[in-house]
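An overview of the molecular structure
In case you want the letters, here they are:
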Amino acid sequence: MVEKLQALIEKVKSVLNIFTHKRTVKSARITYQVVWNLLLLVLTVVILGGSFATGVGAGYFASLVKDEPVRSYDSMKKDIYNYTETSELYFSDNVYLGKLHTDLEREEVKLDDVSNDLVNAVVATEDEYFYKHKGVVPKAVFRAVFQEVTNSAVQSGGSTLTQQLIKNQILTNEVSFQRKANEILLALRLEKFFDKKDILEAYLNVSTLGRNSSGRNIAGVQAAAKGIFGKKASDLTLPQAAFIAGLPQSPFGYTPFTREGTIKEPQYLEPGLTRMKTVLKRMFDGGYINEHEYAQASAYDIKKDFIKPVANPLEKYPWLTVEIEKRSIEVLTTVLAKNDGISEKELKNDDNLAYKYQILARNALRQNGYQIHSTIDKKIYDAMQKVKDNYQYYGPDKPQEKKDPETGEIKTVMEPAEVGAELIENKTGKIISFVAGRNYDDQQLNHATSAIRQNGSTMKPLLVYAPAIELGKAAPGTPLPNVALSLAPGRSDPWPQNYDYRYSGLVSARYALAKSYNVPAVKLYKSIVDQRPATYLEKMGFTSLRKDDYTNLATSIGSMTNGVTIEENTNAFSTFANDGKFIDAYMIDKIVDKNGKVIYQHEVKPVNVFKPQTAYLTIDMMRDVVKMGTAAGVRSKLNFSADWAGKTGTGNQYIDSWFVASNPNVTFGLWRGYDTPKSLQTSGMSYSSRTNNLWAQLMNAAYKIKPDLIAPKKTFKMPKGIVQRSYCAVSGMLPSEACSKAGLIESDYFNVNNVPTRVDDSLIEGKYVMVGDKKYLALDSTPKEFAQFGLILNPDFIKRIVGSNFHNYRQLIPQKERWGKILVSSAKMSDNGKNPDSVSLKVEGNTLTWSASGDNDVVGYRVYQGGLVSAKVDSVINGSKRSFQAGTGTYYVTAVDIAGRESAPSNLVEAGVIVTPPPVDPTKPAVPKDPAKPGVPNSPAKPGVPNSPAKPGVPNGPNVPTKPTDPTTTP
């Protein structure tokens, strides 16, 4: 044992000798110095790098917040706590409307009136260091920045309650380092000015917390407590407090109610219930509740505390207040940006900038207590809503499958026919009134201002006729073909079709517009489409145009890529009433701040679109729409008279119905249709009558309120530069002698610079005959007595007006009496090479009547009198009455065909012979007379033989010439 101990001591000494050896000590000293110097170098680099990084970070932070103004205590107090100072709305003429409409329901509450459980739940969940930090938590900020820079999948956030309050009340939700930097700066400043109690109270009043049992959006814990659990914030239980405290993270994901005010399905409630348990866990971890309270609250069935759905509170002007708010935000967005030196163009071209100022405008509108003065006339608006509500002829509700946006479930609902209408003052652009829809609770869409629909034939004056007149390509009297043309590229079948699937031949532009024919409109549009007439729509305020709308021929009849709003369509029509100047419609007249300063005043800025002459000619054409066209029934429905000019419109497959009309003071446009496009056709009253009648009733209601506005005594004034000229209705050129003979000279208005200068060349003189009810060109051999003077459409003219691929020339001739002498070169009939069949002749007293010939080329009939020597006494043109008033004597009739061939004579009859029947013995039965006995007048002849039997070898019987008299010989 001793030996082992000595051995151990020796080993220890040997080890110690190593460390005490001079060489070992020297090596250790050198190693230590190297390590120490390296450590100092690393520490120096780290310190310098950290200082540099800190300096760079500080410099970057300073650059981000350099434009943020140094806010005073009063400024921050107004922004943070003035959340209840809602703007006031006014009708026109300073008539009070009410507080700004919003679906965000809020009720202010003091912190002392909020349950401790709710306060603790919010702090534990949203900001566990709230009572310790000075506005920001550096660790949390660095963590959030690191996650952002590294694009981490986990984003824990770094906002304190103070920062969230700044974001909600002063800044925007814009995601950027600049906004975050401003947020941090302002949070630090806010904590300097205000204590924790004030900050927490403000946060509890501004937080967005989902929906209440009415389906309305709510903000603030008092509104949440009442809207979800039916109690005050001071009376909430621990589970209820935890549920509300969990809502800010995802208000509409965790809220228990749908926007219709119903409780969500169980699977959609689960996220909110899970979030409640998360809040309770954080309260337990933070020491706000004990384990027993945590367990009890976590197991509590919070669903039984949700109050039953409550009907949405009735608001008298929901559509109006929403529309005023929307337009006020648009106005204030521009005003606030302009105050910061940003132009409208910059705002329009930068989405982020526009979004920022929209948020600022929305906050300003909610907080700054503005007075918003609108253009809406309260009495007219109220009267129109009453008419709209009482109208009984919208048509039936129709089934429609729809997807629930929250649940994704497909449901079948009954969709009503909707309506949108707007009344605009022409010279100012003021929107006097509008009708937004049938029922706000069923459909919040404002159909007057926001619904985009196809405008059908109301497009024609805007895109076709007015531009064509402006470009010198047309005038009201310009003839246009209403025939079966194939105008679509790559198609051989007729397109477009008219709404009634009928054609009427050559018609004037005026008549085509009045009757709303599609073919003439598309044909005219095709001739000007290369000059991009859709640019006129841009000038008139159309905002939904797409590239194809500039070239697609269907645009001319209202089939656009997207469509147009009722307001835009109506506003565009007012251009014609304003002598060709477009005045943009507006609803916000002025905005006044709470100090009485006008911060916005609308200015009328006319845009030149058409010449005054073009505008007037278009107005004059649209007058005929109301006088004798598709809106002719409207005048009889009105309780007043005015100089109306307008246009009806029908969408493809009858899915939209329009009527827009102007008088010198106002323009009123109305649309009817289903939100999910479907046909308006139904039994009973026609779809167009339903639309036009409602239009008239709404106008009558407005007239009763302001007759001088709605029914001006003045008419549209004709400008200088308009002249009246005569022209040929066939070609639109100066009348020719042929056109005069045809009786087709008309007169209409023209721009003095675009009057006809060439003489008509559309007609060629000729002769025609009637065969049945049709006209054919006479042949050289056609007897002159049956040929009538007529005019033939020049084939060159036909090619100019319809092209070389159209061959149904006859369709060009309108079926009207005044066009009766016009033929086409293709109206030809060939000689069939045989004599016509004879006819059967009858007589009653002195009246001869005969049957029609069985041949289809007969052009007339000749009446002969005589025995051995007969003479022609009359020629009757085919198509007229087959009869002749004869004298006493023997008569027969022949048929004559287009080549001049004559049929065999008919049977002979004796005219003027009175046969007195023998007295009838009443005691004896009557004996019928043998009709076949010869010598009895009017008895039928034997087959193939006239009344008098033919002598052998003598054709056609005795006293009848073997050859008819020369048809040119006069009797």
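In this text, all values refer to a predicted model and were calculated from it rather than measured experimentally.

Next up on the list: the overall build of the protein chain. Within the protein chain one finds 28 helices and 32 strands. The burial tally for the protein chain puts 48% of its 971 residues in the buried class. Summed over its atoms, the accessible surface of the protein chain is roughly 48400 Å², and 53% of this surface lies on carbon and sulfur atoms.

Moving on, we get to the state of the cysteines. Two cysteines joined by a covalent bond between their sulfur atoms form a disulfide. Applying the stated criterion across every chain yields a total of one disulfide. Across the disulfide, Cys-728 is cross-linked to Cys-739 (sulfur-sulfur distance 2.3 Å). Around the S-S axis, the bridge from Cys-728 to Cys-739 shows a dihedral of about 95° and counts as right-handed. Taken together, the residues span a long stretch of sequence, with Cys-728 in strand β20 (residues 722–728) and Cys-739 in helix α27 (residues 737–742) at a distance of 11 residues. The buried category is assigned to Cys-728, whose relative accessible area is 0%. Judged by its relative accessible area of 0%, Cys-739 is buried.

Evaluation of the coordinates by the stated rule reveals 27 aromatic pairs. Between Phe-91 and Tyr-317, the ring centres sit 5.3 Å apart and the planes meet at 75°, which makes this aromatic pair edge-to-face. Here Tyr-317 lies in the loop between α13 (291–298) and α14 (318–339) and Phe-91 lies in the loop between β1 (88–90) and β2 (96–99), a separation of 226 residues in the sequence. Of the residues examined, Tyr-317 reaches a relative accessible area of 10% and is grouped as buried. Centroid distance Trp-644 to Trp-695: 5.1 Å. Interplanar angle 75°. Geometry classified as edge-to-face. Pair noted here: Trp-644 is in the loop between α24 (634–637) and β17 (645–650) and Trp-695 is in helix α25 (residues 687–705), with a separation of 51 residues, a long-range link. A network of ring pairs unites the aromatic residues Phe-640, Trp-644, Phe-659, Phe-668, Trp-695 and Tyr-703 as a single cluster.

The next subject is the sheet that holds strand β31 (residues 889–897). Sheet architecture is open: four strands sit in the order β29-β28-β31-β32, paired in antiparallel fashion. Each of the sheet's edge strands pairs with one partner strand only, and the pair in question is β29 (870–877) and β32 (909–911). Taking each pair of neighbouring strands and ignoring which way they run, the sheet shows an average axis angle of 35°. The pairing of strand β28 (residues 858–866) with β31 spans seven bridges and is classified as antiparallel.

Of the strand pairs in this sheet, strand β22 (residues 763–771) and strand β24 (residues 788–793) are connected by six bridges, and their pairing is antiparallel. The residue of β24 that forms the bridge with Glu-765 is Leu-791. One ladder, built from three bridges, connects β24 with strand β25 (residues 822–824); its direction is parallel. Within β25, the position partnered with Leu-793 by the bridge is Val-824.

Let's shift gears to the pairing of β2. When a strand is regular, its side chains alternate between the sheet's two faces. Pairing geometry for β1 and β2, over three bridges, is antiparallel. Looking at β2, one finds that Glu-88 is bridged to Lys-99. Here β1 folds back onto β2, and the loop between the two strands holds five residues, one of which, Asp-93, carries a positive phi near 60°.

Now for the environment of Glu-538. Counting through the fold element by element, Glu-538 comes out in helix α21 (residues 534–539). For the pair formed by Glu-538 and Ala-572, sequence separation is 34 residues and the distance between their alpha carbons is 9.7 Å. Among all residues touching Glu-538, those that are not within four sequence positions of it are Leu-545 and Tyr-550.

The next point concerns the side chain of Ser-903. Inspection of the secondary structure puts Ser-903 in the loop between β31 and β32. Since its relative accessible area comes to 4%, Ser-903 is described here as buried.

In this model, helix α17 (residues 378–390) (13 residues) spans 18 Å end to end at C-alpha, consistent with the 18 Å of a helix rising 1.5 Å per residue. Among all positions of α17, only Ile-380, Tyr-381, Ala-383, Met-384, Gln-385, Val-387 and Lys-388 are buried. Where α17 is buried, its residues touch α14, β9 (417–425), β10 (431–435), β19 (666–674), α25 and α26 (707–710).

Taken in spatial order, the five strands make up an open sheet running β10-β9-β19-β18-β17, and their pairing is antiparallel. Whereas interior strands pair on both sides, the edge strands pair on one side only; in this sheet they are β10 and β17. Across this sheet, the average inter-strand angle for adjacent strands is 5°, counted without regard to direction. Two elements, strand β18 (residues 656–662) and β19, share seven bridges in a ladder whose sense is antiparallel. Paired with Ser-662 across the two strands is Thr-667, which belongs to β19.

Note the cis peptide between Trp-495 and Pro-496, where omega equals 5°. Summarising the element assignment, Pro-496 is placed in the loop between β11 (479–482) and β12 (505–508). The phi torsion at Asn-94 lies on the positive side, around 65°, for a residue other than glycine. One non-glycine residue, Arg-532, lies in the positive phi region at around 50°. Within the fold, Arg-532 resides in the loop between α20 (518–528) and α21.

Right, let's talk about the packing of helix α4 (residues 116–126) against helix α10 (residues 238–245) for a bit. Two elements in contact, α4 and α10, have axes separated by 8 Å at closest approach and are oriented at 40°. Classified by the angle their axes make, α4 and α10 are oblique. In the packing of α4 onto α10, the handedness of the crossing is right-handed. Contacts from Asp-117, Leu-118, Ala-121, Val-122, Thr-125 and Glu-126 of α4 reach α10 at Leu-238, Ala-241, Ala-242, Ile-244 and Ala-245.

Further remarks concern helix α23 (residues 612–627). Taking 1.5 Å per residue as the helical rise, α23 with its 16 residues ought to reach 22 Å, and the 23 Å between its terminal C-alpha atoms agrees with that figure. Of all the 16 residues making up α23, 14 are buried; the element is thus mostly covered by neighbouring parts of the structure.

Looking now at the nonpolar core. Counting 124 residues, the largest nonpolar core has Tyr-465, Trp-695, Met-699 and Leu-793 as its most contacted members. The residues contacting Leu-793, other than those within four sequence positions of it, are Val-730, Ser-762, Leu-763, Ile-798, Leu-812, Ile-813, Ile-822, Leu-823, Val-824 and Ser-825. Counting residues in each nonpolar core, the second largest holds 55 residues, with Ala-233, Ile-244, Tyr-254 and Phe-306 among its members.

For the protein chain, per-residue confidence averages 85 on the pLDDT scale, and residues scoring 70 or more make up 81% of the total. Predicted confidence for residues 48–62 stays below pLDDT 50, and this span has four contacts to residues more than four positions away or in other chains. Note that pLDDT drops below 50 for residues 926–971; the model gives that stretch 48 contacts with residues more than four away or on any other chain.

So, on to the environment of Glu-265. By secondary structure assignment, the location of Glu-265 is in the loop between α11 (251–254) and α12 (266–285). Once the C-alpha coordinates of Glu-265 and Thr-407 are considered, the two residues, 142 residues apart in sequence, prove to be 8.2 Å apart.

With the rule as written, the count across this model stands at 31 salt bridges. In this structure, Arg-327 engages Glu-323 in a salt bridge whose closest nitrogen and oxygen atoms are separated by 2.8 Å. Residue Arg-327 and its partner Glu-323 are both found in helix α14; the two are separated by four residues, about one turn of the helix. Judged by relative accessible area, which is 11%, Arg-327 ranks as buried.

Time to look at the side chain of Lys-264. Turning to its location among the elements, Lys-264 is positioned in the loop between α11 and α12. Among the residues examined, Lys-264 registers a relative accessible area of 11% and is labelled buried. A distance of 3.1 Å separates a polar atom in the side chain of Lys-264 from the backbone oxygen of Phe-252. Reaching out from Lys-264, the side chain makes a polar contact with the backbone oxygen of Thr-255 at a distance of 2.9 Å. Those residues within four positions of Lys-264 in sequence are excluded, and the remaining contacts are Phe-252, Gly-253, Thr-255, Pro-256, Phe-257, Thr-258, Leu-269 and Glu-406.

Right, let's get into the packing of α4 against helix α8 (residues 196–206). Contact geometry for α4 and α8: axes closest at 12 Å, N-to-C directions at 90°. In terms of orientation, α4 and α8 fall into the roughly perpendicular class. Between α4 and α8, the contacting residues are Val-119, Val-122, Val-123 and Glu-126 on the first element and Leu-200, Tyr-203 and Leu-204 on the second. Grouping the constituent residues of the contact of α4 with α8 by class yields six nonpolar, no polar and one charged.

Calculation criteria
- Residues numbered from 1 in each chain as written.
- Predicted model: local features only at pLDDT ≥ 70, side-chain atom pairs only at ≥ 80, totals over all residues.
- Heavy atoms only, no water.
- Helix = DSSP H or I, 4+ residues; strand = E, 2+ residues; numbered from the N terminus.
- Buried < 20%, exposed > 50% of the residue type's maximum accessible area, 1.4 Å probe, protein only.
- Areas by Shrake-Rupley, 256 points an atom, 1.4 Å probe, with all protein chains shown as cover.
- Disulfide = S-S within 2.5 Å.
- Phe/Tyr/Trp six-rings, centres within 6.5 Å; stacked < 30°, edge-to-face > 60°.
- Pairing = 2+ DSSP bridges.
- Axes fitted to C-alpha atoms, helices over the stretch in contact; angles between N-to-C directions.
- Contact = heavy atoms within 4.5 Å.
- Expected span 1.5 Å × (residues − 1).
- Parallel < 35°, antiparallel > 145°, perpendicular 65-115°, else oblique.
- Left-handed = near helix turned anticlockwise from the far one by under 90°.
- Core = buried A, V, L, I, M, F, W, Y, C linked by side-chain atoms within 4.5 Å.
- pLDDT = per-residue confidence, 0-100.
- Salt bridge = Lys/Arg side-chain N within 4 Å of Asp/Glu carboxyl O.
- Polar contact = N/O pair within 3.5 Å; in protein donor to acceptor, adjacent residues only side chain to side chain.
- Nonpolar A, V, L, I, M, F, W, Y, C, P; charged D, E, K, R; others polar.

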